[in-house]
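These are the residues of each chain, in order.
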Amino acid sequence: MWQKYFKVVKIVPGRVVIPGHGTVDFSNENLPLELIKELYENDLPYLDITPEGKEVIYNIKPPVPTPEKKQPGVVSTPGEIPLKDKPDYRISQEKEKTFTKNPSPVKRKRRKSKKIPDNNE
Amino acid sequence: MDFTDINKNLPNGENMGGIAQKVYFGFWADVQSWPTKPSSPADIEENGVLTGSVEMKAGKRMFEMYITDDTGEFNVESVGEVDGKSYVLHLNLFHPGMQKKILGFMNAAKNDNLFFIVTDAEGQMYLMGDAMRPAVYQGAPDGGGTGRETAARKGMSAEFTYKTGNVYVYEGTVPLTEATSA
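The following paragraphs examine the structure supplied in this document. No experiment lies behind these values; they were computed from the predicted model shown.

In this section: the overall build of chain B. Secondary structure assignment for chain B yields 1 helix and 12 strands. Put simply, chain B runs from its N terminus to its C terminus through helices and strands in the order β-β-β-β-β-β-α-β-β-β-β-β-β. Taking 2.2 N^0.38 as the reference for a compact globule, 182 residues should give roughly 16 Å; the C-alpha atoms of chain B span a radius of gyration of 18 Å, in line with that estimate. Viewed in the frame of its principal axes, chain B has a C-alpha envelope of about 55 × 45 × 40 Å. When burial is assessed residue by residue, chain B has 39% of its 182 residues classed as buried. Sequence separation of at least 24 residues holds for 70% of the intrachain contacts in chain B that already meet a minimum separation of 6. When the accessible surface of chain B is summed, it comes to about 10,700 Å², and 46% of that surface belongs to carbon and sulfur atoms. Between the mean site of the 15 positive side-chain charges and the mean site of the 24 negative ones, chain B shows a separation of 13 Å.

This part takes up the overall build of chain A. Summing up its helical and strand segments, chain A has 3 helices and 4 strands in all. The order of α-helices and β-strands along chain A, N terminus first, is β-β-β-α-β-α-α. Within the span of chain A, comprising 121 residues, buried residues form 17% of the whole. In chain A, the share of contacts with a sequence separation of at least 24, taken over all contacts with a separation of at least 6, comes to 49%. Counting only carbon and sulfur atoms, one obtains 53% of the accessible surface of chain A, whose full area is about 10,700 Å².

Time to look at the interface of chain B and chain A. In this complex, chain B contributes 16 residues to the contact, which on the side of chain A involves 13 residues. Taken together, the two surfaces of chain B and chain A that pack against each other cover about 1,200 Å², and 57% of this comes from carbon and sulfur. One can count 1 salt bridge joining chain B with chain A. Close ionic contact of E64 of chain B with R15 of chain A constitutes a salt bridge, the shortest N to O distance being 3.4 Å. Applying the counting criterion to the chain B and chain A interface returns 8 residue pairs in polar contact (both at pLDDT 80 or more).

Now for the sheet that holds strand β3 (residues 22-25) of chain A. Strand pairing in a sheet is mediated by backbone hydrogen bonds. Such pairs are either parallel or antiparallel. Pairing within the open sheet is antiparallel, and its 3 strands lie in the order β3(A)-β2(A)-β12(B). Looking at strand neighbours, the two that pair on one side only are β3 of chain A together with β12 (174-175) of chain B, the edges of this open sheet. Sheet analysis places strand β2 (residues 15-18) of chain A next to β3 of chain A, joined by 4 bridges and oriented antiparallel. Paired with R15 of chain A across the bridge in β3 of chain A is D25 of chain A.

Here we come to unusual backbone geometry. The phi dihedral of N59 of chain A falls on the positive side, at around 55°, and the residue is not glycine. Residue position: N59 of chain A is located in the loop between α2 (51-58) and α3 (90-99). A relative accessible area of 55% places N59 of chain A in the exposed class. Its identity as a non-glycine residue notwithstanding, D83 of chain B has a phi of 70°, on the positive side. With respect to the element layout, D83 of chain B can be found in the loop between β5 (73-79) and β6 (86-96). D83 of chain B gets classed as exposed once you look at its relative accessible area, which sits at 84%.

Residue and element names in this part refer to chain B. Within the sequence span of helix α1 (residues 100-109), burial applies to I102, F105, M106 and A109. All buried residues of α1 lie within an arc of 95° about the axis, which places them on one face of the element. Across α1 from its buried face, at more than 90 degrees, point the exposed residues K100 and N107. The secondary structure elements touched by the buried residues of α1 are β1 (19-27), β4 (63-66), β6, β7 (114-120), β9 (136-139) and β11 (155-164).

With that settled, consider the environment of A42 of chain B. All names here are of chain B. Mapped onto the fold, A42 is located in the loop between β2 (31-33) and β3 (55-56). For the pair A42 and G80, spaced 38 residues apart in the sequence, the C-alpha separation amounts to 27 Å. Excluding residues within four positions of it along the chain, A42 makes contact with M1 and D2.

Before going further, it helps to examine the packing of aromatic side chains. Per the counting criterion, the structure on display carries 11 aromatic pairs over all chains. Judged by centre distance (5.1 Å) and plane angle (55°), the rings of F6 of chain A and Y40 of chain A are tilted. Here F6 of chain A, found in strand β1 (residues 6-8), pairs with Y40 of chain A, found in helix α1 (residues 33-41); they are 34 residues apart in sequence, far enough to count as distant. Relative accessible area serves as the criterion here: at 24%, Y40 of chain A is assigned to the partly exposed category. Of note, R153 of chain B hangs over the ring of F94 of chain B, and the distance from its end group to the ring centre comes to 4.8 Å.

Calculation criteria
- Along each chain, numbering runs from 1 in the same order as the chain's sequence is written.
- To label them, take the chains in the order written and letter them from A, then take the ligands in the order written and number them from 1.
- Reporting of local features is limited, given that this is a predicted model, to residues whose pLDDT is at least 70; pairs of side-chain atoms are given and counted only at 80 or more, and all residues count toward the totals for whole chains, interfaces and linings.
- In computing side-chain properties, one takes all heavy atoms of the structure into account and sets aside hydrogens as well as water.
- Strands here are runs of E lasting at least two residues and helices are runs of H or I lasting at least four, both read from the DSSP assignment and numbered beginning at the N terminus.
- C-alpha atoms define the radius of gyration in this analysis, and the globule rule sets the expected value at 2.2 Å times the number of residues to the power 0.38.
- In this scheme, a residue with accessible area under 20% of its type's maximum is buried, one over 50% is exposed, and one in between is partly exposed, where area comes from a 1.4 Å probe on protein chains only.
- Contacts: residue pairs with any heavy atoms within 4.5 Å of one another.
- Here, Shrake-Rupley sampling with a 1.4 Å probe gives the accessible areas, and only protein chains in the shown set may cover a residue.
- Under the convention used here, Asp and Glu are negative, Lys and Arg are positive, and both His and the chain ends fall outside the count.
- Where a charge sits is defined by one atom per residue type, namely NZ (Lys), CZ (Arg), CG (Asp) or CD (Glu).
- Summed over both partners, the accessible area lost on bringing two parts together, with a 1.4 Å probe, is the buried area.
- Think of a salt bridge as a Lys or Arg side-chain nitrogen and an Asp or Glu carboxyl oxygen that are within 4 Å of each other.
- Counting of polar contacts relies on pairs of N or O atoms within 3.5 Å, with two restrictions inside protein: one atom must be capable of donating a hydrogen and the other of accepting it, and residues adjacent in sequence are counted only when both atoms are side-chain atoms.
- Two strands make a pair as long as DSSP finds a minimum of two bridges between them.
- Note that the arc is computed from the directions linking the helix axis to the C-beta atoms.
- Pairing of aromatic rings covers Phe, Tyr and the six-membered ring of Trp, with a centre-to-centre limit of 6.5 Å; geometry is then stacked below 30 degrees between planes, edge-to-face above 60, and tilted otherwise.
- Charge-over-ring contacts are defined here by two conditions on Lys NZ or Arg CZ: a distance within 6 Å of the ring centre and an angle within 35 degrees of the ring normal.

Next up, the structure:
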C-alpha cells in the first residue's frame, strides 16, 4: 500500500535500524503509511516520494503546461490576430525559399530588352 | 561554543548498564561515506554527536551479530599525556557456540579493518570507526573455546578497539541490506 506513494532508494528494500523506531523492514508492503510518512518527513535518506504520493498525500498536483507568453514589445492592434494564434508559416516559407531560384530579397530589375524595330511599321 | 549546565538527565528514570544483544559491523573498506564530526557546534550537546549516517558502497552492506546477554561491554578509555589526551573505545563481546559462521568471522576479522555500531541499554548508539581509523581486533580477553566442564559456556569472545580524539553519539541509520548505486 505505502509503496504506491513512497519508494525505497539507495538500498535494496530490507531491514533498517532507525533510531527511535527500531528495525523497520522496507520489504514489507504492509507497513503503516503514517510511519513511512513520518520517516520521510524526518529526512530518512532511503525514502523518496512518488508522483502519486505527492498528489494524494501532499495535494501537490503535477505541473500544468503554461500557455506561451507574448513576446515583450509586440503589441497586437485591435482586429489583428493575436500573435500566439497566428498560423506558423515559417516552415512553408522556408520551403519556398529553398526552391526559389533567386533567394535574394532584393528584387532585380528586369532589363528592358531593346525593341527591334519592325520594318513593317 | 558555550558551556551549559549539565543536570541530572535520565529520561523516564532509565540508566541501565550493558549493551544490546546485537552489534552491527562491516568492513571498513566497504564504507562509501562517514558521518561528520561537529565542526563549529553551538553548544556542548551538539559537540557530542555525529551528523549523518554510515553509507556503504554499492553492493556492500552492514551486518548484525548476536551476543550473549551481559557479555557485551562498550568501554571508553582515556589515554595520552597532558596536552595529548584522546580515547580508545573498547567493545567486548561473547558469541555462544563455535559454529562455522562465528569461526569464519573471527578468521576474517582478526587481521582486517572493521567498524562497529554499538547500542546501549537506552538505545543510544556509538560508532567505532571513521574515515581515518578502523576498529581492529585486539584479542579474546574472555577466551574462546569449549570450556572445561559440561556446565561451561562454549563460544567465542572478542575485543575490538578504535582510537579516536573524541567520543560521539551516532544518530544515523543502520541499513542491514545492500546499498545500491542510485
